[in-house]
Structure formats: C-alpha cells, structure tokens
Amino acid sequence: MPRCLPVLIAAAVLAGGCGSGSSASSSSPTTARATASHRPHRAPTVTSLDVKVAGELPAPVQFPATAAVSGRLLLMGGLDQATASVADIVRAGSGGSERIGTLPYAVHDAAGATLHGTAYLLGGGEPSYSDILAVDSGGRATVVGHLPAAASDVAAGVIGGTVYVVGGYTGVAPLDTIVAWPGSGTGRVVGHLPHPIRYAAVAAIGGRLIIAGGTSGDVATREVYEFDPASGQVHQIGLLPRPLTHAAGAALGNRVYVIGGRGAEQGTQTSAILAVDPATGRVRPAGRLPVALSDVGAATLGGVVMVAGGRGSDGVLSGRIYGLRPRIGAP
C-alpha cells in the first residue's frame, strides 16, 4: 500500500510546479575562482537548509538513480540490505510512495536525470551497462540510448538539452570522462577530469557542472571542479573540508549542496550538508541530516531538495525520505 507523505512534498509541488582517504591534490583554486567570479547568478541566495522527514519508501534502498518528474520523485534501481541489485521503480509524491514498475534488469550505482520532462537511468552495474533507459510515469522502462562505454558509479547533471555523465567504472578501469548525451543515440566524450573519479557529487547550475569529491583510486578526494560545456574545460574551483565520496549533489537557489557521503571506508559516513558557491568556490556548512548517510538519492523538487534512502555508518539502509528546505532568516 502507498505510504502517505506529509504536506511537505505537496507544498513543494505547489511552490515549484513540479575512510580515511587523503586528498589527491591540495592546489590553490585562486585562478579558477577568478575566472568563475564574473558570472551573474539571478537565483535567490540559499545557504542553510532545514531538514524534515517527508515520508517512507516501500523498502530501504542504497543509491537509487533519482529524478524529479511532474512534481514527483522517481527512484530507479539501487541496492537492498543484502547488497543485491534491485529493479524497482518507486514513485514518491503528495499522494504517497509506491512501487510502480520494474526495470528490464536489476541495477545499482546508475545515474538519474530528467530531460524534457522524461526520467532517465544511465549506466549502472553489475556488470556495468552502457544502456540509457527512459522511464515513464507508469513505470515502463525502455532502452533509448547508450553511453560510449559501459559504466557504473556514475553521476549526472543536465544543462540545456543535454545530460552530462561524470566519471564511473567500466568493471575493469575507472573513467576520467565527461560524456554528453542529447536525448537519443550514443553519448560522446566532451571533457576529461584531471584524474579518474567514481561516486562524485554532481549538479548543474548556471550553465556549468559542479563536481565535488568522489573516489580516485582507493582514496576519497576533496577537490571541487567546474566543467564548462562551451569550452570543454575542467577547472578546480575549491576544496571540501575533508575527503568525501559517495555523497549526493543537488542545486537549489544559487548553491550546489553536497549531501552526506563518507570517507574511503564504510563506517565513516557523515550527516553534514555542505553548500558550494559556484561563483567563488567557497564551501561552507549548510545543515545536517538527522543521521549520517552515504549513497542517498537526491533531486530538487520545486523549492525543496528531496533525499531518499542511503546507507548508515552501521551498514543499515535507510527507508526514509527527507525534505531539505531553505532556512528562514538564514544568512
């Protein structure tokens, strides 16, 4: 039976219509910050977030591919408590949370994105897939495209009419690529990261892609990068306060939020929410989840960042949905 979500999501729809790793580099981001600082940001300034429970999932899940479509979340695939891939498609909205269908195959560590009002699942494992699936509101999934190489451990953001897929793992080798997919056919490589990255926090804002943390080799990283699709260039703009991987990224107002995550080892999860200013590269605390979680699904729905599932420091998966709202009166 669907579990009803509180008024939080309904309000969002009405308002918006809809361990111990070390840094791979500690170089100064001054030059890159200077090139980014001229860009105008017309969105309202949001820095700190309040977090409230918004509902429950039909079952706990880790790292579901997550997209926001028609005022609801779609959670696609992920891992269950036994670390087995699942094929569930779950819809969460003002009427409740329910399974609405299944993917053609069980998959985890895939990316989710919304393009032209359609939800997509990109890549994933295991084994690693190159398929891109379109998922409709009725829970039907269809292969509509491919990545140039099979890849799991990926993250994605949308700029204009293009999905950009960052990093990942082929099942044999990690990737340093940024792949552009315009909604059909096979994506193409349009940029390269300074080093291969898996499990980065990624979000699009102001026509740029912000890429924070992730796993490089066996270590968690601190670097915050900016990718400019117009030039194909990647620049470092800042540093996270500590090495972080398996975090989620979401944009709200004129900030990108890095949510939860952990160090290189399971058991080092954090509840911290960090705000990245894409104009300056500055990173500051912006709130906390009620519990420390990595591998959450996250998407912005109206004026709220919705966070679903995840893995705790004790290894137990979460079945909660949280709503992250701008804090009234926050600086």
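Predicted model, so just to flag it, every value in this text is computed and none were measured.

A. Quick look at the overall build of the protein. Helices and strands together make up the secondary structure of the protein, namely 2 helices and 28 strands. Evaluated residue by residue, the protein yields a buried proportion of 56% over its 331 residues.

B. Fine view of unusual backbone geometry. In this chain, G125 is followed by E126 through a cis amide linkage whose omega measures 10°. In the segment running from E126 into P127, the intervening peptide bond is cis, with an omega of 5°. The topology assignment puts P127 in the loop between β7 (118–122) and β8 (131–135). A positive phi angle is found at S70, which is not glycine, with a value near 50°. Along the chain, S70 turns up in the loop between β2 (65–69) and β3 (72–76). For D295, which is not a glycine, the phi torsion comes out positive at approximately 55°.

C. Examining empty space enclosed by the protein more closely. As a volume, the largest cavity reaches approximately 30 Å³. Residue lining of the largest cavity: R242, L244, V258, G260, T270, A272 and L274, and that is the complete set. Elements represented by at least two residues in the lining of the largest cavity include exactly β19 (233–244) and β22 (272–276). When its residues are assigned to classes, the lining of the largest cavity shows 4 nonpolar, 2 polar and 1 charged.

D. The sheet that holds β3, seen in detail. Read across the sheet, 4 strands follow the order β2-β3-β4-β5 without closing on themselves; strand pairing throughout is antiparallel. Each having just a single partner strand, β2 and β5 (96–107) make up the two edges of the open sheet. Mean inter-strand twist for the sheet, computed between neighbouring axes without regard to direction, equals 20°. Taken together, the 4 bridges between β3 and strand β4 (residues 86–93) define a ladder with antiparallel strand orientation. Its bridge partner being in β4, M76 is matched across the sheet by I89.

E. Summary view of the pattern of salt bridges. All told, the structure shown has 8 salt bridges when counted by the stated rule. One salt bridge connects R255 with D277, and the closest N-O pair in it is separated by 3.7 Å. Separated by 22 residues along the polypeptide, R255 in strand β21 (residues 255–259) and D277 in the loop between β22 and β23 (283–288) bring together distant segments of the chain. Each of the two residues, R255 as well as D277, counts as buried.

F. Up close: the sheet that holds strand β1 (residues 49–56). The strand order across the open sheet built from 4 strands is β1-β28-β26-β25, with neighbouring strands paired in antiparallel fashion. Of all the strands in the sheet, just β1 and β25 (297–301) have a single pairing partner and so form its edges. Between one strand and the next, the sheet's axes are offset by a mean angle of 25°, whatever the strand orientation. Two strands pair when backbone bridges link them, and β25 and strand β26 (residues 304–308) are joined in this way by 5 bridges, in the antiparallel orientation. In the sheet register, A299 faces β26, and the bridge partner there is M306.

G. Representation of the confidence of the model for the protein within the structure. On average, residues of the protein score 88 in pLDDT, and 84% of them reach the 70 mark or higher. Under a pLDDT of 50 for its full length, residues 1–41 has, in the predicted model, 95 contacts with residues more than four places off or in other chains.

H. A look at the side chain of H108. Mapped onto the fold, H108 is located in the loop between β5 and β6 (111–115). Judged by its relative accessible area of 11%, H108 falls in the buried class. Polar contacts involving the side chain of H108 include one to the side chain of S85, which spans 2.6 Å. Sequence-distant contacts of H108, that is, excluding residues within four places in its chain, are made with G78, L79, S85, G124, G125 and E126.

I. Here's a closer look at the environment of G217. Relative to the assigned elements, G217 resides in the loop between β17 (215–216) and β18 (219–228). Spatially, the C-alpha atom of G217 lies 9.8 Å from that of A173, the residues being 44 residues apart in sequence.

J. Here's a closer look at the packing of aromatic side chains. Overall, the coordinates contain 4 aromatic pairs when judged by the stated rule. Ring geometry for F63 and Y199: centres 6.1 Å apart, planes at 45°, overall tilted. Of this pair, F63 sits in the loop between β1 and β2 while Y199 sits in the loop between β14 (188–192) and β15 (201–205), and the two are 136 residues apart along the sequence. When sorted by exposure, F63 lands in the same class as Y199, which is buried. When the ring centre of Y169 is taken as origin, the NZ or CZ atom of R198, which lies over that ring, is 4.1 Å away.

Cut-offs and rules
Residues numbered from 1 in each chain as written. Predicted model: local features only at pLDDT ≥ 70, side-chain atom pairs only at ≥ 80, totals over all residues. Heavy atoms only, no water. Helix = DSSP H or I, 4+ residues; strand = E, 2+ residues; numbered from the N terminus. Buried < 20%, exposed > 50% of the residue type's maximum accessible area, 1.4 Å probe, protein only. 1 Å grid on protein atoms, 1.4 Å probe; cavity = no way out; pocket = protein on both sides within 12 Å on 5 of 7 lines; lining within 4 Å. Points joined across faces, edges and corners; volume = space filled by probe spheres on them. Nonpolar A, V, L, I, M, F, W, Y, C, P; charged D, E, K, R; others polar. Pairing = 2+ DSSP bridges. Axes fitted to C-alpha atoms, helices over the stretch in contact; angles between N-to-C directions. Salt bridge = Lys/Arg side-chain N within 4 Å of Asp/Glu carboxyl O. pLDDT = per-residue confidence, 0-100. Contact = heavy atoms within 4.5 Å. Polar contact = N/O pair within 3.5 Å; in protein donor to acceptor, adjacent residues only side chain to side chain. Phe/Tyr/Trp six-rings, centres within 6.5 Å; stacked < 30°, edge-to-face > 60°. Lys NZ or Arg CZ within 6 Å of the ring centre and 35° of its normal.

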